[in-house]
Amino acid sequence: MAEPPVLEARNLSISYYTRAGEIPAVIDFSVEVHAGETIGIVGESGCGKSTVAMAIMQHMGTNGAIVGGQVLYKGRDMAEMSQEELRKTRGSEIAMIYQEPFASLNPSLKIRQQLMEIPLTHEGASESEARDRALQILRDVQLPDPERVMEAFPHQLSGGQQQRVVIAMGLLANASLLVLDEPTTALDVTVEAGIIKLIGDISRRFGTAQIYISHNLGLIRETCDRVFVMYSGEVVEEGSIDQLFRNPRHPYTHGLFGCIASPSMDKNATPLKPIRGQLPLPHERPPGCNFGPRCDFFKAGRCDQDTIPHRRVDEQRGHYARCVRIEEIKHDQAESKPEQKDPLTLGEVVLKIDRMQKYYPVYNNSIPAILRGERVRHVKANESLTFNARRAETVAIVGESGCGKSTFAKVLMGLETATGGSIKLEDTEIAYQPVRKRPPDRISALQMVFQNPFDTLNPSHRVGPQIGRVIQRFTNARSQDRIRDKVFELLDIVKLPRDFYYRRPRQLSGGQKQRVGIARAFAGNPAMVVADEPVSALDVSVAAAVTELLMDIQREHHTTLLFISHDLSTVRYLSDSVVVMYLGWIMERGTTDEVFSPPYNPYTEALLSAVPIADPNIQKREILLEGNLPSVMAPPKGCPFSTRCPHRIGEICDNEPPPEREVSPGHTITCHIPIEELKRAKPVFEYHEPASESVG
Amino acid sequence: MSDNPTATASARPSRIMGFLRSIALLRESWFGMIGAAIVLFWVLMAILAPLLPLYDPLDASVRLVPPGGEAFDGGTHWLGTDNRGRDVLSRVIWGSQRVMVWAMLAILCAYAVGITMGVLAGYLGGLVDDVVSFFANILLSFPVLVLYVLIIAFLGASGVNIVIAVTFTTAPIVMRIVRGLIMDLRTRDYVAAAQTRGESSLYIMFVELLPNARGPLIVDVCLRFGYTVVAIATLSFLGLGLPPPEPDWGMMINEAVELGAHAGHVMLAPAAALSSLILGFNMMADGLREISLRD
Amino acid sequence: MLIFIARRLGQMLLIMIVVTIILFTIFEFNKMNVAGQVLGPYTTEEQRQLWLEQQGYMEPAVGRYFEWVWGVLQGDFGYSHQLRVPVNEVLWDRLRMTAILGFWLFALMIPLALLFGVLSGIKEGSLRDRVISIGAVGTTSVPEFASATFLTAIFVFWLGWLPGTSGMYDGWDTRQIILPVLVLLLYGGGYVVRMTRASMAEVMNSQYIRTAILKGLPYRKVILKHALRNALIAPFTVIMLQLNYLLSGVIVVEVFFAYRGFGTLLLDAALFGDIFVIQACTLVAVFVAVLSYFLSDIGYMFLNPRIRVS
């Protein structure tokens, strides 16, 4: 072995020092990264994956420190480098791509200055050379009009453009190692897909080694060669993509896959299997295996002893797991066939939306705008929405940012009023009634579960009274004791202990808060509940449990559920019918099966293809979209999707709004392309039965 | 999803306990601790003034006795006497009571007005906000002391008028702070949740929103209390404050300045007292802010 | 951009108009007292009434308001009943004296305060930061007339280096302005130090500074090119707003040191009830304050590309 690995970490341990004392963030982390290789580190929030990235950069901040082990760059111990050597290594040998592009760019320097300083500092390039290099890299990351981007300040670029600039910055130095910390988390899926492809292409071209950090198993599967799964500061399993995704052996890894909905799953036939409990806080880790308290295979006396060694699995090269019972656990046998749940029969139509329209006026007070008579313009947040929802049905609204799904929810809830069309909730027109003007029974019939768990509860009040308030308003319970009993019942339903009544929201974890949010929404026995991305901010293992809970309560109460999401896998898994939105328009709607199989609206097709899939048995057809989402302020004149559509058929797409065509009763596609032609598309997903063993 | 082991089930603690606990958090900042100790010292002095073995602050004795000098009855004037023969130590301690009582009243008044206006402007927005903000801007465009002088010059110097003047100068600032906080808070989901169950604006403003603004407001009260003490003392110093002869820090300095070098001790004692009290408030505010930023 | 400036100017004008109305109204309700102040405490109601009529103060209010505003616009602020001269004769002279005080204050405060603030904020929690921060909290905790007391005790009574009053009756004397400037510098400077430190510390903790460090830039460049530019935006605003504070602090300091500037003029007028002088001084003070807000907004826009280019 002549060539040492590009980067090697040996038994790396990292701690943070806080008021509470030393908190180990990463324990015993070892990795080797060779030239051209892509290593994935995957884990839920707080598992220590970003800390590893910062340790590789030798930048631990004021309260963090490497307390054990070494990081070797091309065989040299980075801890022994002088400040000057370290500075020369950073940025030129090891480059990093960050997860929040806007915060990572200096707001008062032009992109030109921020890019050019890299070759200027590290290679002693001349001004004009540096400029050429910067321009070239902007072209390489496919930014339109690189000359303009060079002269722009960060705030003048869209989120996708900023992310491309940050990537360009990381690639500019032709580093040997690229550390990517959730580089696409802030982006919409269709934009994300393009950027992932771009990073892959460029690093392949230069043979750059990569360390790719993400919480998204699908993304890791599609980009990496080897994977490290981290849990609570430790690597619990590592292996090649194939080993880990086809044969996950650690109970945690295996459990994670059970929490992810895949496009081949169905909520009734194969419900998600959440991992119980939650991540231990760093200073409250159990003795022995950190996953012990949540593990189904936990054996007292063995799993809670000493430290658990990281051992090879089945004599397989490169496959390790940190579990003492690895040989004994047979996942496929232990697996009781998941209990099947009966599908609900759908009832009468509860919500009837007919050509609902919501325009926001936007005032522009600049002189030229006033002279041209364009002082007031309209943002067309919702354009002619039409669909129905029936009792006990789950209707999903999917779309990327700016598609108008949140505006629609606001109008429905009465926080805004519509500017056209009609919304009938159980035959009462509510489109033009703000919530305060609605009769009390209309208000209680329609409740909402909110997106952000950290925002959904009022931090100043205890949990119980917040649920109690809803009961007091919407039911005939009046006495304090009666209300408290009802709150206790609700806490039972959402599987929280009754003493949570007296807790403050800040004492609850994200998942627990979301449960309280669900209890609050169902407290008044609503006919319909709007859930706006209820689990998107939660970790996968917790999200699965909350999703299942929502489903169970719905099943019991026959509630109509309007599920707003950008995550197509979840949508496919839990909804009965789907509405696909883009820039305020409904592009396609129908039952879930209809929307997820041909004929597709071209946008639906691209959206499906962009979803990273963690299931190795699914083959995906790749469709890459060019460019970014257009701004809601300046949408295309004809079809909203015309600027990015791979199937664009000509002028008509740019200039005329597309017609809504019915494929079959209830399934409509809004597109200029004739249905017959769309029917010729092949399915985006193809499911292949695994050759030998069956893996969840 | 299981129980969170850190948070143990607790019986309902009262609101007062909650407040005390947030003050008790100060122990995590030694800086804030010192500040709180200084403030506490002066609060105790103010409360205990009638019980302490002091000379009557109004009774005249020998004039301009130097610190530590002997009193007519054989006792000691620890900080000397002023030009009318009144005991300086006694006047400084009684002065703390006077300045703090009026500062407290003034702050209560200013906060009541400022918070109400700020919550209304911040939550309702639109015309209410425009009108309230306009009047606040007018008041804020006066340099603070000019406004004080103007108000006192026309209303006359009295305790009540000082409360009015402090309200006029401080309420707009409080209003702006509260307005900003409320505008930020009103976009939270729990407010949307309250709206979607049809709560009234009043309920949302004062039950859902205001309690969440208290953190920054507690810090601000500390600072603002200090400023108000300074303002009251400054007005006395300028001859526009609380009427004599009751002891008053600003007035003591004013009287002593005219006497020059003979009265150095008369001047330094109230100046040191005032500075230490303000230092206490500032350190306490800094400590509280530091703690609130931490979690 | 131009629209923004025009709108801010409009707001300024509106505020000034409202302030003139307020000032005029206050006087209207207080006429009798003014007459009493001028004529002495032992005059009768009728005598005062007569005096007001002679002075023309019983004419319809609206007409007199416009007359007064028109006069002010032409630089005629009326007549001082206390000093028995037109207000103009004293006002400009006093303003000049205060301007000198202000000039020296800013000339010293800006470089010193920014330097200490930046040094302190570069490394939050370091010894240097602690020392500077505590010092700044200390100086901002001592009100002007208290620090004036301490400095007088040290430099006048004890060391005897400097004069204790700054009346300058025998013409300009630089030694007499040192203490007033020093007092204002301690309080105002401490405040700017704290603001600059907070701003600098925030920038140093930002992700874009991390980006700059991890790009492998030399530390000096990280500070000079990446940090300072962002960190100095907030202190700029604060410094402009100091003009407003200066006008408050100046009254106290001038009174303490008997410095014959704008502050003593206003206070004497307020104690006497010298109506035109009060009005003139207040108008000038408000004008300066509003102007400083305006300049700080404009400056903020120029310094901050996020607002400038959009």
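Residues numbered from 1 in each chain as written. Chains lettered and ligands numbered in written order. Predicted model: local features only at pLDDT ≥ 70, side-chain atom pairs only at ≥ 80, totals over all residues. Heavy atoms only, no water.

**Student:** How do you make sense of the overall build of chain A when you look at a structure like this?
**Tutor:** Along chain A, the regular secondary structure elements total 24 helices and 26 strands. Relative to the 2.2 N^0.38 estimate, which gives 26 Å for 696 residues, the radius of gyration of chain A is 27 Å and therefore close to what a compact globule would have. Projected onto the principal axes, the alpha-carbon positions of chain A cover approximately 75 × 70 × 55 Å. Residues classed as buried in chain A amount to 58% of the 696 residues present. Pairs at least 24 apart in sequence give 66% of the contacts found in chain A among residues at least 6 apart. Accessible area of chain A: about 28,200 Å², with a carbon and sulfur share of 48%. (Helix = DSSP H or I, 4+ residues; strand = E, 2+ residues; numbered from the N terminus. Rg over C-alpha atoms; globule rule 2.2 N^0.38 Å. Buried < 20%, exposed > 50% of the residue type's maximum accessible area, 1.4 Å probe, protein only. Contact = heavy atoms within 4.5 Å. Areas by Shrake-Rupley, 256 points an atom, 1.4 Å probe, with all protein chains shown as cover.)

**Student:** Would you take a moment to explain the sheet that holds strand β2 (residues 21-33) of chain A for this structure?
**Tutor:** Across a sheet, strands are paired by hydrogen bonds formed along the backbone, either parallel or antiparallel in direction. Residue and element names in this part refer to chain A. The antiparallel open sheet is built from four strands, whose spatial order is β2-β1-β4-β5. Of all the strands in the sheet, the pair left with one neighbour each is β2 and β5 (76-77). Examined bridge by bridge, strand β4 (residues 64-73) and β5 share two bridges and lie antiparallel to one another. What sits directly across from Leu-72, in β5, is Asp-77. The strands that helix α1 (residues 49-56) touches are β1 (7-18), β2 and β4; relative to β1, the one it contacts most, it runs at about 110°. (Pairing = 2+ DSSP bridges. Axes fitted to C-alpha atoms, helices over the stretch in contact; angles between N-to-C directions.)

**Student:** I tried to follow the interface of chain B and chain C on my own but got confused; where do I start?
**Tutor:** Interface extent is often summarised as the accessible area lost during association of the parts. Opposite the 42 residues of chain B that make contact, chain C presents 44 residues. Buried area between chain B and chain C, summed over both chains or domains, comes out near 3,500 Å², and the portion from carbon and sulfur atoms is 81%. The three residues of chain B that bury the most area against chain C are B:Ser141, B:Pro143 and B:Phe154, which together make up 17% of that side's buried surface. Applying the counting criterion to the chain B and chain C interface returns one salt bridge. A salt bridge links B:Asp286 to C:Arg194, with the nearest nitrogen and oxygen atoms 2.8 Å apart. For the side of chain B that touches chain C, the elements supplying multiple residues, two or more each, are α2 (30-48), α4 (126-140), α5 (144-155), α9 (214-237), α10 (249-259) and α11 (264-294) of chain B. (Buried area = accessible area lost by both parts, 1.4 Å probe. Salt bridge = Lys/Arg side-chain N within 4 Å of Asp/Glu carboxyl O.)

**Student:** I keep staring at the interface of chain A and chain C and nothing clicks. Help me out?
**Tutor:** If you look at the interface, chain A gives 29 residues, while chain C gives 22 residues. Roughly 2,500 Å² of surface becomes buried between chain A and chain C when both sides are summed, with 59% attributable to carbon and sulfur atoms. Across the contact surface, chain A and chain C share two salt bridges. Between A:Glu117 and C:Lys215 there is a salt bridge whose closest N-O contact spans 2.6 Å. Joining chain A to chain C, the criterion identifies 13 residue pairs in polar contact (both at pLDDT 80 or more). Among the secondary structure elements, those contributing two or more residues to the side of chain A that touches chain C are α3 (101-104) and α4 (111-122) of chain A. Ranked by the residues each element gives to the side of chain A that touches chain C, the list is headed by α4(A), at six residues. Taken together, the residues of the side of chain A that touches chain C break down into 13 nonpolar, 12 polar and four charged. (Polar contact = N/O pair within 3.5 Å; in protein donor to acceptor, adjacent residues only side chain to side chain. Nonpolar A, V, L, I, M, F, W, Y, C, P; charged D, E, K, R; others polar.)

**Student:** Sorry if this is basic, but what is going on with the nonpolar core here?
**Tutor:** Burial of nonpolar side chains together is a common tendency in soluble globular proteins. The biggest cluster of nonpolar side chains holds 157 residues, and the ones touching the most others in it are B:Trp42, B:Trp249 and C:Leu91. The residues that make up this core include at least three from each of domain 1 (2-74) and domain 2 (88-273) of chain C. C:Leu91 has contacts with C:Phe77, C:Leu265, C:Ala280, C:Cys281 and C:Val284, leaving out every residue within four places of it along the chain. Residues A:Leu86, A:Leu178, A:Ile196 and A:Cys259 belong to the second largest nonpolar core, which totals 147 residues. (Core = buried A, V, L, I, M, F, W, Y, C linked by side-chain atoms within 4.5 Å. Domains from an automatic or database assignment.)

**Student:** Even after reading the chapter, I still don't get a nonpolar patch on the surface, so can you show me in this structure?
**Tutor:** Residue and element names in this part refer to chain B. A cluster of nonpolar side chains, Leu-40, Val-43, Leu-44, Ile-47, Leu-48 and Leu-51, forms an exposed patch at the surface whose accessible area comes to about 560 Å². Note on placement: Leu-48 falls in helix α2. Leu-48 sits in the partly exposed class, given a relative accessible area of 33%. (Patch = residues over 30% accessible without salt bridge, like charges linked within 9 Å, V, L, I, M, F, W, Y side chains within 5 Å.)

**Student:** What is the right way to read the side chain of B:Asn282 from this model?
**Tutor:** Its place among the elements puts B:Asn282 in helix α11. The contacts of B:Asn282, once residues within four sequence positions are left out, are B:Leu223, C:Val137, C:Thr140, C:Ser141 and C:Arg194.

**Student:** Can you help me understand the packing of helix α2 (residues 31-39) of chain C against helix α3 (residues 45-54) of chain C in this one?
**Tutor:** If you want to describe how two helices pack, look at the angle between their axes and the distance between the axes. Residue and element names in this part refer to chain C. Running from N to C, α2 and α3 cross one another at 100°; their axes reach a closest spacing of 9 Å. In terms of orientation, α2 lies roughly perpendicular with respect to α3. Contacts from Lys-31, Met-32, Ala-35, Gly-36, Val-38 and Leu-39 of α2 reach α3 at Glu-45, Gln-47, Arg-48, Gln-49, Trp-51 and Leu-52. When grouped by side-chain class, the residues that make up the contact of α2 with α3 number six nonpolar, three polar and three charged. (Parallel < 35°, antiparallel > 145°, perpendicular 65-115°, else oblique.)

**Student:** Quick question: what am I supposed to make of helix α11 (residues 233-257) of chain C here?
**Tutor:** Structural remark: α-helix, 3.6 residues per turn; residues separated by three or four positions point the same way. Residue and element names in this part refer to chain C. A rise of 1.5 Å per residue sets the reference length of α11, with its 25 residues, at 36 Å; its end C-alpha atoms lie 35 Å apart and thus fit the reference within 8%. At Asn-244, α11 shows its maximal kink, close to 35°. Within α11, 20 of the 25 residues are buried, which leaves it mostly tucked inside the rest of the structure. Of the residues trailing α11, Ala-258 is marked for its positive phi of about 55°. (Expected span 1.5 Å × (residues − 1). Bend = angle between axes of the 7 residues up to and from the residue.)

**Student:** What should I look at first to understand the environment of B:Met100 in this one?
**Tutor:** Residues and elements named next belong to chain B. Within the secondary structure layout, Met-100 lies in helix α3 (residues 88-124). Here the alpha-carbon distance between Met-100 and Pro-66, two residues 34 residues apart in the chain, equals 28 Å. What Met-100 contacts, discounting residues up to four positions off in sequence, is Trp-42, Val-43, Ala-46, Phe-225 and Leu-277.

**Student:** Got a minute to help me understand the packing of aromatic side chains in this structure?
**Tutor:** To describe a pair of aromatic rings, one takes the distance between the centres and the angle between the planes. Residues and elements named next belong to chain A. Counted according to the given criterion, the structure contains 24 aromatic pairs over all chains. Residues Phe-29 and Phe-228 carry aromatic rings whose centres are separated by 5.9 Å and whose planes lie at 40° to one another, so their mutual orientation is tilted. With Phe-29 in strand β2 and Phe-228 in strand β9 (residues 226-231), this residue pair connects regions lying 199 residues apart in the sequence. For Phe-29, a relative accessible area of 1% puts it in the buried group. The residue whose ring lies beneath Lys-358 is Tyr-360, and the NZ or CZ to ring-centre distance is 4.8 Å. (Phe/Tyr/Trp six-rings, centres within 6.5 Å; stacked < 30°, edge-to-face > 60°. Lys NZ or Arg CZ within 6 Å of the ring centre and 35° of its normal.)

**Student:** Where do I start with the pairing of strand β18 (residues 446-449) of chain A in this structure?
**Tutor:** A regular strand places its side chains so that they alternate between the two faces of the sheet. Residue and element names in this part refer to chain A. A two-sided burial pattern is seen for β18, the buried positions comprising Leu-446 and Met-448 on one face and Gln-447 and Val-449 on the other. Pairing of β18 with strand β19 (residues 528-532), which is carried by four bridges, proceeds in the parallel orientation. Among the inter-strand pairings, Gln-447 is bridged to a residue of β19, identified as Val-529.

**Student:** Can you help me understand helix α11 (residues 251-259) of chain A in this one?
**Tutor:** For α11(A), the buried fraction is high: nine of the nine residues fall into the buried class. Restricting attention to buried positions, one finds in α11(A) the residues A:Pro251, A:Tyr252, A:Thr253, A:His254, A:Gly255, A:Leu256, A:Phe257, A:Gly258 and A:Cys259.

**Student:** What's the story with the sheet that holds strand β15 (residues 394-398) of chain A in this structure? I'm lost.
**Tutor:** Residues and elements named next belong to chain A. Taken in spatial order, the eight strands make up an open sheet running β18-β19-β20-β15-β21-β22-β25-β24, and their pairing is mixed. Every other strand in the sheet has two partners, leaving β18 and β24 (660-664) as the edge strands with one partner each. Neighbour-to-neighbour, the strand axes of this sheet turn through a mean angle of 20°, independent of strand direction. In this structure, β24 lies alongside strand β25 (residues 667-670), joined through four bridges in antiparallel fashion. Within the sheet, the bridge partner assigned to Glu-662 lies in β25 and is Thr-668. Packed onto the sheet, helix α19 (residues 540-557) meets β15, β19 and β20 (560-565) and runs at close to 155° relative to β20. Where helix α22 (residues 602-610) meets the sheet, it contacts β21 (577-582) and β22 (585-591), and its direction lies at approximately 100° from that of β21.

**Student:** Please explain the environment of C:Leu214 as it appears in this structure.
**Tutor:** Summarising the element assignment, C:Leu214 is placed in helix α9 (residues 207-214). Linking C:Leu214 and C:Phe66, residues 148 residues apart in sequence, is a C-alpha distance of 65 Å. Ignoring anything within four residues of it in the chain, the contact list for C:Leu214 reads A:Met54, A:Met57, A:His59, A:Arg90, A:Gly91, A:Met96 and A:Tyr98.

**Student:** Would you explain the confidence of the model for chain A in this entry?
**Tutor:** Low-pLDDT stretches of the model should not have their predicted coordinates read in fine detail. Considering every residue of chain A, the mean pLDDT works out to 85; 96% of them sit at 70 or more. In the predicted structure, residues 692-696 of chain A sits below a pLDDT of 50 and forms four contacts with residues beyond four places in sequence or in another chain. (pLDDT = per-residue confidence, 0-100.)

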